[in-house]
Amino acid sequence: MYPAALKVEQLDQKHPDYDGAGLTKRRALYEGGKAWRALTSEWLPQHEVEPFKAWEARKRQATYENHFGPALDLLSGHLFTDPPSLEDAEGDYWRTLVSGRTPTTGWARWWRERVTEALWAGRTWVWLDVPATAGPADTLGAQAASGALDAFLRSFEPEAVIDWSTDDRGVAWVRARQVVQRADGPTSPRTAVHRWTCIDREEIAEYEWAPREGENEPGKEAIAYLREGYPVRHGWTDPVTGAAACPVYELALGGALSAGERMEDPAVSHLRGRNEQQHALFRAAVVIMTITAKWGSKQGPPSLGQGSYLELTRDQDGEDVASFLEPPGGVFEHLGADCERREKALYRVVGQMAVAIDPSAAASGDSKRQDWRAMEVVLSALAGVTLDAMRWAVNMIAALRREDPPTVAGLDGWHREETVDWLTGAAMAPELKASPTARKLLAVEQARRLLPDISGEDLEAIQDELEEAAEADAAMMRPAGLGGAGGFGGQPGEAPGAPGQRPGPADGRRGAGGAGDLRDESEGAGGAAGSDAGGARR
């Protein structure tokens, strides 16, 4: 399938959705530093009548106040509050996969880096690889003993994967382009080798182009050659069907979750506004000296230090005057307000993402609660996408090793933090306890939050049980002699406090429907919701 040589033009074909220039800009906005500095002409274009030297000076003075990166790190940080884990994982291999061979390659850290990449790039690529072995093994046990089945996680840079294909079975193939710095020895010159990695459902192949003397970049007609030892058959199979499978997963955050693409324009707008403000302040700080005089033939312009001056010639009857000119301060107030507005627009993107996923995220309420509602919607969607990718990796590896896959858990710490806030808020609303309907609704919502994986059928059963308990509470609270129902175990017609009557609130005790603190133990929906909510407050 893979010829011994291919033209660079063919290997450099790109997918219609590939946006190399956009990825370069978003990486620079995320990382800042040298990556951002290399694109100052992109961030700060030359003004229409601005001299070239003035433009160059303005770019040299430019700085980057990075809000783009921290905003995305905040999202991934909330998502990984409770690190992902593999439950029921047995054996040294799975423990090593979770902890990592080094402190920087653990399961949680590796996946957080991929999610952060996907947030700014729109997609990232997960590659399952296996160690190279001396040769094929005769048995599965021999493969396991040699370490040939100890799969590990790899990834491509988002900019590297330039072409790919997907179908209903997932990724069919990918082609990545990378530049590898290589030197044959400590005294040999270093060269930049261009490498193309092709992975499909059967094989892995790599092509290389190495520059000759005087060459830097390969032309379209240049020839790249298949590396020695390639192609190789990788042997990965689908865990369900057993058919050959590509060991690459596309973790894509399209649509409403494409945070980087949505934040790019607001981030560029903010950095331009901030630098215009800083440049204006810099220019205003160097006030212009204005000298009005009658210059004689022997008297030239005065010698000045750093700064500029404006020379004006007075008429014969005028007086020599020296003064300073500076712009009015009101303009800086407007520039500052404009920068603040642009910064808020940048952070508002998260809320816009939430509304795109779930329009109810824009529900009314105080600002803090509304902001968290937006964050909750985004994090819930991110958790689902990330857990799907983790399950794919675990199931693929388990099928390779012919083992039962561990259970992927975690990524719900952000939900528990929000639940504590909600329970605290419920405990601070004692007036709701007087309403049986409110107590029932609080209990249902509490069950939904404390049991995030509950099925719809089980939640419906809880609702039915709460309604039955509420009806029983109402029957017990009904006064004796009304409707012939009797009291709490007494005879019909007995007055409150008669023999058989259960003590009421006047006795210092409280029935299920009585008002009081949510922490009191009681029967039915009110007791259940109140007990947990009060516990959160304590």
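Residues numbered from 1 in each chain as written. Predicted model: local features only at pLDDT ≥ 70, side-chain atom pairs only at ≥ 80, totals over all residues. Heavy atoms only, no water.

A look at the sheet that holds strand S3 (residues 123–129)
Stated formally: DSSP calls a pair of strands paired once it identifies at least 2 bridges connecting them. Here a strand is any run of E in DSSP of at least two residues, a helix any run of H or I of at least four, and the numbering for each starts at the N terminus. Note on method: axes are straight lines fitted to C-alpha atoms, helices fitted across the in-contact stretch only, with angles between N-to-C directions ranging 0 to 180 degrees.
On the basis of which strands lie adjacent, the open sheet formed by 3 strands has the order S4-S3-S11 and antiparallel pairing. Whereas interior strands pair on both sides, the edge strands pair on one side only; in this sheet they are strand S4 (152–156) and strand S11 (248–252). The average angle at which neighbouring strand axes cross in this sheet is 30°, direction not considered. By the bridge criterion, 5 bridges tie S3 to S11 in an arrangement that is antiparallel. Residue pairing for S11: Thr124 is matched across the bridge by Leu251.

A word on the packing of helix H2 (residues 20–31) against helix H8 (residues 107–121)
This is how it is decided: Here the word oblique covers every angle except those under 35 degrees (roughly parallel), over 145 (roughly antiparallel) and from 65 to 115 (roughly perpendicular). By convention the crossing between two helices is left-handed if the near helix lies anticlockwise of the far one by an angle smaller than a right angle, and right-handed if it lies clockwise. It only takes one pair of heavy atoms within 4.5 Å for two residues to be counted as in contact. Throughout this entry, Asp, Glu, Lys and Arg are counted as charged residues, while Ala, Val, Leu, Ile, Met, Phe, Trp, Tyr, Cys and Pro are counted as nonpolar. The remaining residues, Gly among them, count as polar.
At their nearest, the axes of H2 and H8 sit 9 Å apart, and the two run at 120° to each other. Between H2 and H8, the angle falls in the class oblique. For the element pair H2 and H8, the recorded crossing hand is right-handed. Contacts between H2 and H8 pair Leu23, Arg26, Arg27 and Tyr30 from the former with Thr116, Trp120 and Ala121 from the latter. Per-class residue counts for the contact of H2 with H8 are 4 nonpolar, 1 polar and 2 charged.

Examining helix H5 (residues 52–61)
Applied cut-off: For the exposure calls, accessible area comes from a 1.4 Å probe over protein chains only, and a residue counts as buried if that area is under 20% of its type's maximum, exposed if over 50%, partly exposed in between. To be clear, the arc concerns the directions from the helix axis to the C-beta atoms.
Restricting attention to buried positions, one finds in H5 the residues Trp55, Arg58 and Lys59. The buried residues of H5 occupy one face: seen down the axis, they fall within an arc of 100°. Facing away from the buried surface of H5 by more than 90 degrees, the exposed residues are Lys53 and Arg60.

Here's the deal with the pattern of salt bridges
What counts here: Between Lys or Arg on one side and Asp or Glu on the other, a salt bridge is scored when a side-chain nitrogen of the former is within 4 Å of a carboxyl oxygen of the latter.
Taken as a whole, this structure holds 29 salt bridges when the rule is applied. Of the charged contacts, one joins Lys25 and Glu264 as a salt bridge, the two residues approaching to 3.4 Å between their closest N and O atoms. Linking Lys25 in helix H2 with Glu264 in helix H10 (residues 259–285), this pair joins segments that are 239 residues apart in sequence. Classification of Lys25 by relative accessible area gives partly exposed; the value is 22%. Between Lys59 and Glu56 there is a salt bridge, with the nearest N and O atoms lying 3.0 Å from each other. Of this pair, Lys59 and Glu56 are both found in helix H5, 3 residues apart, which corresponds to roughly one turn of the helix. By relative accessible area, Lys59 is classed as buried at 8%.

Observations concerning a negative patch on the surface
Defined as follows: Residues forming no salt bridge and having over 30% relative accessible area are the ones grouped into patches, like charges within 9 Å of each other and nonpolar side chains (Val, Leu, Ile, Met, Phe, Trp, Tyr) within 5 Å. Every accessible area reported is derived by Shrake-Rupley at a probe size of 1.4 Å, with residue values counting cover from the shown protein chains alone. Working convention for charge: Lys and Arg count positive, Asp and Glu count negative, and His plus the chain ends are omitted. Taken as the charge location is NZ of Lys, CZ of Arg, CG of Asp or CD of Glu.
On the surface, Glu457, Asp458, Glu460, Asp464, Glu465, Glu468 and Glu471 cluster together into a patch of negative charge. Turning to its location among the elements, Glu465 is positioned in helix H15 (residues 456–477). On the accessibility criterion, Glu465 (51% relative accessible area) is exposed.

Looking at the pairing of strand S6 (residues 170–182)
As defined by bridge partners, strand S5 (residues 161–167) adjoins S6 across 6 bridges and the pair is classed as antiparallel. Paired with Val161 across the two strands is Ala176, which belongs to S6. Connecting S5 to the antiparallel partner S6 that follows it, the hairpin turn spans 2 residues.

Some details on the environment of Ala243
Take Ala243: it is sitting in the loop between strand S10 (232–233) and S11. C-alpha of Ala243 to C-alpha of Arg201: the two residues are 42 residues apart in sequence and 9.0 Å apart in space. If sequence neighbours within four positions are ignored, Ala243 has contacts with Arg169, Trp236, Thr237 and Asp238.

Section: the side chain of Asp129
Note the following rule: Any pair of nitrogen or oxygen atoms within 3.5 Å is treated as a polar contact; in protein, a donor-acceptor pairing is required on top of that, and neighbouring residues in sequence qualify only through side-chain atoms on both sides.
Turning to its location among the elements, Asp129 is positioned in strand S3. Within the structure, Asp129 has its side chain in polar contact with the side chain of Arg154 (distance 2.8 Å). When near neighbours in sequence (up to four residues on either side) are disregarded, Asp129 contacts Ala151, Phe152, Arg154 and Trp236.

Some thoughts on H2
For clarity, the threshold we go by: A helix's residues, less one, multiplied by 1.5 Å, set its expected span.
The end-to-end C-alpha distance of H2 is 16 Å, a good match for the 16 Å that 12 residues give at a rise of 1.5 Å each. One or two residues past the end of H2 sits Gly32, with phi positive at roughly 70°.

Looking at unusual backbone geometry
Between Tyr230 and Pro231 the backbone carries a cis peptide bond, its omega angle lying at 0°. Tracing the chain through its elements places Pro231 in the loop between strand S9 (223–226) and S10. Backbone geometry places Arg402, a non-glycine residue, at a positive phi of 60°. Among the structural elements, Arg402 can be located in the loop between helix H12 (367–401) and strand S15 (407–409). Residue Arg402 is classed as exposed on the basis of its relative accessible area, which comes to 67%.

Examining the confidence of the model for the chain
Quick note on the threshold: Residue-level confidence of the predictor is what pLDDT reports, using numbers from 0 through 100.
Mean pLDDT for the chain: 77, with 67% of residues reaching 70 or above. Taken element by element, the predicted model of the chain shows its lowest mean pLDDT in helix H16 (residues 524–537) (36) and its highest in S5 (97). The low-confidence segment residues 481–538 (pLDDT under 50) makes 76 contacts with residues lying over four places distant or belonging to another chain.

Side note on the packing of aromatic side chains
The geometry of an aromatic ring pair comes down to the distance between the two centres and the angle between the two planes. Counted only if it meets this: Stacked, tilted and edge-to-face are the three classes applied to pairs of Phe, Tyr and Trp rings, where Trp contributes its six-membered ring and a pair requires centres within 6.5 Å; stacked means planes under 30 degrees apart, edge-to-face means over 60, and tilted covers the rest. Sitting over a ring, as applied to charges here, requires NZ of Lys or CZ of Arg to be within 6 Å of the ring centre and within 35 degrees of the ring normal.
Scanning the entire structure with this criterion turns up 9 aromatic pairs. In this structure an aromatic cluster arises from ring pairing among Trp107, Trp110 and Trp111. Geometry around Trp55 places Lys59 over its ring, the cationic atom sitting 3.7 Å from the centre. Looking at Arg401, its charged tip hangs above the ring of Tyr93, at a distance of 4.1 Å from the centre.

Side note on the packing of H2 against helix H6 (residues 68–79)
Relative orientation of the contacting elements H2 and H6 amounts to 85°, with a least axis distance of 6 Å. Classed by the angle they form, the pair H2 and H6 counts as roughly perpendicular. Of the residues in H6, those in contact with Arg26, Leu29 and Tyr30 of H2 are Phe68, Gly69, Leu72 and Asp73. Looking at the contact of H2 with H6, its residues break down into 4 nonpolar, 1 polar and 2 charged.

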